[in-house]
Amino acid sequence: PMELTVPGTVRVLHLYEARYLALLEHAMAMEGRPVVHLAVAEGTTPEGAFGWEVMRDQCCLLEVLDVSRRDLGANVRVRALSQVHLT
């Protein structure tokens, strides 16, 4: 979500896919370290094939504030710390 790029913003993310829950577990094991939220957009390759492109100048450094487990996945409260530009 683009709102996450505003430093200081707090949002709740509902994670339910296994791959994102696995990433959450990895992030929680690295206590005190921020995570990067990648912004992606639909795009096409030079050959015209469909794909996804990382919006390198619209990513955001996040602090995980807390996690609430649910029957289906988890609610993760995060705070945006700053915008980051990936190279």
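Above this text is the structure in question.
A brief look at the structure comes next. (Residues numbered from 1 in each chain as written. Predicted model: local features only at pLDDT ≥ 70, side-chain atom pairs only at ≥ 80, totals over all residues. Heavy atoms only, no water.)

Some words on the nonpolar core
Among soluble globular proteins, nonpolar side chains are generally buried collectively. The biggest cluster of nonpolar side chains holds 8 residues, and these are Leu-15, Leu-24, Cys-60, Leu-62, Ala-74, Val-76, Val-78 and Ala-80. Mapped by element, the contributors of at least two residues to this core are strand 5 (59-69) and strand 6 (74-84). In terms of residue count, the dominant contributor to this core is strand 6 (4 residues). (Core = buried A, V, L, I, M, F, W, Y, C linked by side-chain atoms within 4.5 Å. Buried < 20%, exposed > 50% of the residue type's maximum accessible area, 1.4 Å probe, protein only. Helix = DSSP H or I, 4+ residues; strand = E, 2+ residues; numbered from the N terminus.)

As for the sheet that holds strand 2 (residues 35-37)
The antiparallel open sheet is built from 4 strands, whose spatial order is 1-6-5-2. Edge positions in the sheet fall to strand 1 (10-15) and strand 2, since each of these pairs with one other strand and no more. Averaged over neighbouring strand pairs, the angle between their axes works out to 45 degrees when direction is ignored. Bridge analysis of strand 1 against strand 6 gives 6 bridges, and the strand direction is antiparallel. Note on strand 6: the bridge partner recorded for Val-12 is Arg-77. (Pairing = 2+ DSSP bridges. Axes fitted to C-alpha atoms, helices over the stretch in contact; angles between N-to-C directions.)

Comments concerning the pattern of salt bridges
According to the stated counting rule, one finds 4 salt bridges in the structure shown. With a shortest N-O distance of 2.9 Å, Arg-19 and Glu-17 are connected by a salt bridge. A relative accessible area of 53% places Arg-19 in the exposed class. Two residues, Arg-69 and Glu-25, come together in a salt bridge whose shortest N-O distance is 2.5 Å. Of this pair, Arg-69 sits in strand 5 while Glu-25 is found in helix 1 (residues 18-29), placing the two residues 44 residues apart along the sequence. (Salt bridge = Lys/Arg side-chain N within 4 Å of Asp/Glu carboxyl O.)

Points about the environment of Leu-24
The topology assignment puts Leu-24 in helix 1. Owing to a relative accessible area of 5%, Leu-24 belongs among the buried residues under this scheme. Once the C-alpha coordinates of Leu-24 and Arg-79 are considered, the two residues, 55 residues apart in sequence, prove to be 15 Å apart. Ignoring anything within four residues of it in the chain, the contact list for Leu-24 reads Leu-15, Val-67, Arg-69, Ala-74 and Val-76. (Contact = heavy atoms within 4.5 Å.)

Remarks on the pairing of strand 4 (residues 50-54)
On any regular strand, side chains alternate: one points to one face of the sheet, the next to the other face. When strand 3 (residues 40-44) meets strand 4, the two strands line up antiparallel, connected through 5 bridges. Looking at the pairing, Gly-43 lines up with Gly-51 of strand 4. Linking two consecutive strands that pair antiparallel, namely strand 3 and strand 4, is a turn of 5 residues; a positive phi of about 95 degrees is found at Gly-48 within it.

Notes on the side chain of Thr-9
Looking at where Thr-9 falls in the secondary structure, it is placed in the segment before strand 1. In this structure the side chain of Thr-9 is engaged in a polar contact, spanning 2.8 Å, whose partner is the backbone oxygen of Val-6. (Polar contact = N/O pair within 3.5 Å; in protein donor to acceptor, adjacent residues only side chain to side chain.)

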